[in-house]
Amino acid sequence: MKRILITGAAGQIGKAVRAGLRGGYPLIRLLDVAPLGAAADGEEVVTADIRDSAAMERATAGIDCVVHLAGQSTEGEWEKVLQLNIEGCYNVFEAARHSGVKRIVFASSNHAVGFHRRERFIDDRVLPRPDTRYGISKVFGEALGRHYADKHGISVACLRIGTFIVPDRPKDARQLLTWISHRDMVQLVRRCIDHPDYHFVVVYGVSNNLRSRWDNTNARFLGYRPQDDSEKFAAEILARGEKENEIAAQFHGGFYTPMEFSGDPEKIE
Ligand SMILES: NC(=O)c1ccc[n+]([C@@H]2O[C@H](COP(=O)([O-])OP(=O)(O)OC[C@H]3O[C@@H](n4cnc5c(N)ncnc54)[C@H](O)[C@@H]3O)[C@@H](O)[C@H]2O)c1
């Protein structure tokens, strides 16, 4: 994989991945609607909207691997989620297919499986259990990935990212489970780009956290060896004695699960 397109390159993950991959590939094309600054050596900067299919066809031309980060990155109104994470995501996959792209690395989210009970370890094979409209859109993105792999032979990796934040440290007790450090995120993306051969894979984007509740064995074949563990922040965070919301504490998706909640937690087995 020599020519890489990163969508959403001006975002928080995009900035870290841009910096981390710089110089590692002959061409890194960076795309966003937000300002991207000047292109460094080996970079190209493109201002484009993932909702614009013609622009996406141009942006994917000559690209080997798309790292698709752009979109609505939190829970939001349906119109936004629909336009960015459903229609926009579809445009990216379609443009990639037309342009002969070989691989797509898709930024999915733990919120695709947020309503699984936290007392259970979950792996890449659990059924979707989205906790928000945002989570539903990530299930859609993973389904797109599965489809484009099976139907069109594009190699696809879906990264169920936990918590990537600036500054680079977990903020609360749940993030001790879900945190991914910046360098681990860069490593994971790099491994997904560089691995010689996979058809379709789902992995968790998480550091080597002692308290993680995600079985990420599936990421090992990629060569992903996370270097960070949130445990070094645990004592300080837990000493604050903050109590997690009662519903949030029961599920993997944490604070996304009680949003607009009108169900019965006891029925969510
Ligand atoms: N940060 C996390 O903890 C986390 C967790 C799970 C999944 N993710 C996913 O990772 C990806 C990146 O997350 P982030 O935290 O960097 O988010 P972010 O909001 O910082 O970055 C998203 C970027 O996408 C760009 N964008 C938005 N709409 C666009 C459009 N129509 N066309 C082109 N670009 C557009 C934005 O300008 C922004 O730069 C997202 O898909 C998000 O859902 C992030």
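Structural data are supplied above this passage.
Let me begin by describing the structure that accompanies this report. Please read these numbers as outputs of a predicted model, since none were measured by experiment.

The rules behind the values
Residues numbered from 1 in each chain as written. Predicted model: local features only at pLDDT ≥ 70, side-chain atom pairs only at ≥ 80, totals over all residues. Heavy atoms only, no water. Salt bridge = Lys/Arg side-chain N within 4 Å of Asp/Glu carboxyl O. Helix = DSSP H or I, 4+ residues; strand = E, 2+ residues; numbered from the N terminus. Pairing = 2+ DSSP bridges. Axes fitted to C-alpha atoms, helices over the stretch in contact; angles between N-to-C directions. Contact = heavy atoms within 4.5 Å. Near = heavy atom within 4 Å. Polar contact = N/O pair within 3.5 Å; in protein donor to acceptor, adjacent residues only side chain to side chain. Areas by Shrake-Rupley, 256 points an atom, 1.4 Å probe, with all protein chains shown as cover. Buried < 20%, exposed > 50% of the residue type's maximum accessible area, 1.4 Å probe, protein only. Right-handed = clockwise from strand over helix to strand, strands pointing away. Phe/Tyr/Trp six-rings, centres within 6.5 Å; stacked < 30°, edge-to-face > 60°. Lys NZ or Arg CZ within 6 Å of the ring centre and 35° of its normal. Arc of directions from axis to C-beta.

**Structural notes on the pattern of salt bridges**
This structure, assessed with the given rule, holds 19 salt bridges. With a shortest N-O distance of 3.2 Å, Arg-169 and Glu-236 are connected by a salt bridge. With Arg-169 in the loop between strand S6 (155-161) and helix H5 (175-178) and Glu-236 in helix H7 (residues 234-239), this pair connects stretches of sequence that are 67 residues apart. Where Lys-232 meets Asp-228, a salt bridge forms, and the shortest distance between an N and an O atom there is 3.7 Å. The structure contains a network of salt bridges with shared partners spanning Arg-3, Asp-64 and Lys-102.

**Details of the sheet that holds strand S3 (residues 43-47)**
Taken in spatial order, the seven strands of this open sheet run S3-S2-S1-S4-S5-S6-S7, and their pairing is parallel. Among the strands making up the open sheet, the edge pair consists of S3 and strand S7 (200-205). In this sheet, neighbouring strand axes are inclined to one another by 20° on average, regardless of whether the strands run parallel or antiparallel. Along the sheet, helix H1 (residues 12-21) contacts strand S1 (3-7), strand S2 (27-32), S3 and S6; its crossing angle with S1, the most-contacted strand, is approximately 160°. On top of the sheet, helix H4 (residues 133-152) reaches strand S5 (103-109), S6 and S7; it is set at about 160° to S5, its chief contact.

**Structural notes on the site of the ligand**
Surveying the vicinity of the ligand reveals 27 residues, the closest of which are Asp-32, Asp-49, Ser-73, Tyr-134 and Phe-164. Gly-11 has a polar backbone atom sitting 3.0 Å from an oxygen atom of the ligand. Contact between the ligand and Ile-50: a nitrogen atom at 3.0 Å from a main-chain N or O atom of the residue. For the ligand, whose accessible area on its own is 830 Å², the fraction buried by protein is 86%. Of all the secondary-structure elements, those providing two or more residues to the shell around the ligand are H1, S5 and H4.

**Some words on the pairing of S1**
Counting buried positions along S1 yields four of five residues, so the element is predominantly enclosed. Where S1 meets S2, five bridges bridge the pair, whose relative direction is parallel. Bridge assignment links Leu-5 to a residue of S2, and that residue is Arg-29. Where the polypeptide runs from S1 across H1 and back to S2, its parallel neighbour, the crossover connection is right-handed. As defined by bridge partners, S1 adjoins strand S4 (residues 65-68) across four bridges and the pair is classed as parallel. Note on S4: the bridge partner recorded for Thr-7 is His-68.

**Points about H1**
Within the sequence span of H1, burial applies to Ile-13, Gly-14, Ala-16, Val-17, Arg-18 and Leu-21. Check the buried side of H1 and you find it contacts S1, S2, S3, S6 and helix H6 (182-194). In the stretch just after H1, Gly-23 is the one whose phi turns positive, near 85°.

**Quick word on the packing of aromatic side chains**
Tallying each qualifying case throughout the model produces nine aromatic pairs. Considering the side-chain rings of Tyr-198 and Phe-221, the 6.3 Å spacing of their centres and the 85° angle between planes classify their relative orientation as edge-to-face. On the criterion of sequence distance, the pair formed by Tyr-198 in the loop between H6 and S7 and Phe-221 in the loop between S7 and H7 is long-range, its members being 23 residues apart. Tyr-198 sits in the buried class, given a relative accessible area of 6%. Accessibility expressed as a relative area gives 38% for Phe-221, which makes it partly exposed. Aromatic side chains Tyr-204 and Trp-214 sit 5.1 Å apart centroid to centroid with 20° between the ring planes, which places their arrangement in the stacked category. With Tyr-204 in strand S7 and Trp-214 in the loop between S7 and H7, this residue pair connects regions lying ten residues apart in the sequence. Trp-214 matches Tyr-204 in its accessibility class, with the two residues each being buried. One aromatic cluster in this structure is built from Phe-93, Phe-106 and Tyr-148. Across the ring face of Phe-121, the terminal group of Arg-213 is positioned such that the distance to the ring centre comes to 4.3 Å.

**Here we look at helix H2 (residues 53-60)**
Taken together, the buried positions of H2 are occupied by Ala-55, Met-56, Ala-59 and Thr-60. Buried residues of H2, seen end-on, are gathered within an arc of 125° and therefore sit on one face of the element. Contacts from the buried residues of H2 go to S1, S2, S4 and helix H3 (78-98). A distance of 3.2 Å separates the backbone nitrogen of Ala-54 from a side-chain oxygen at the start of H2, and that oxygen is part of Asp-52. Gly-62, located one to two residues past H2, shows a positive phi value of around 75°.

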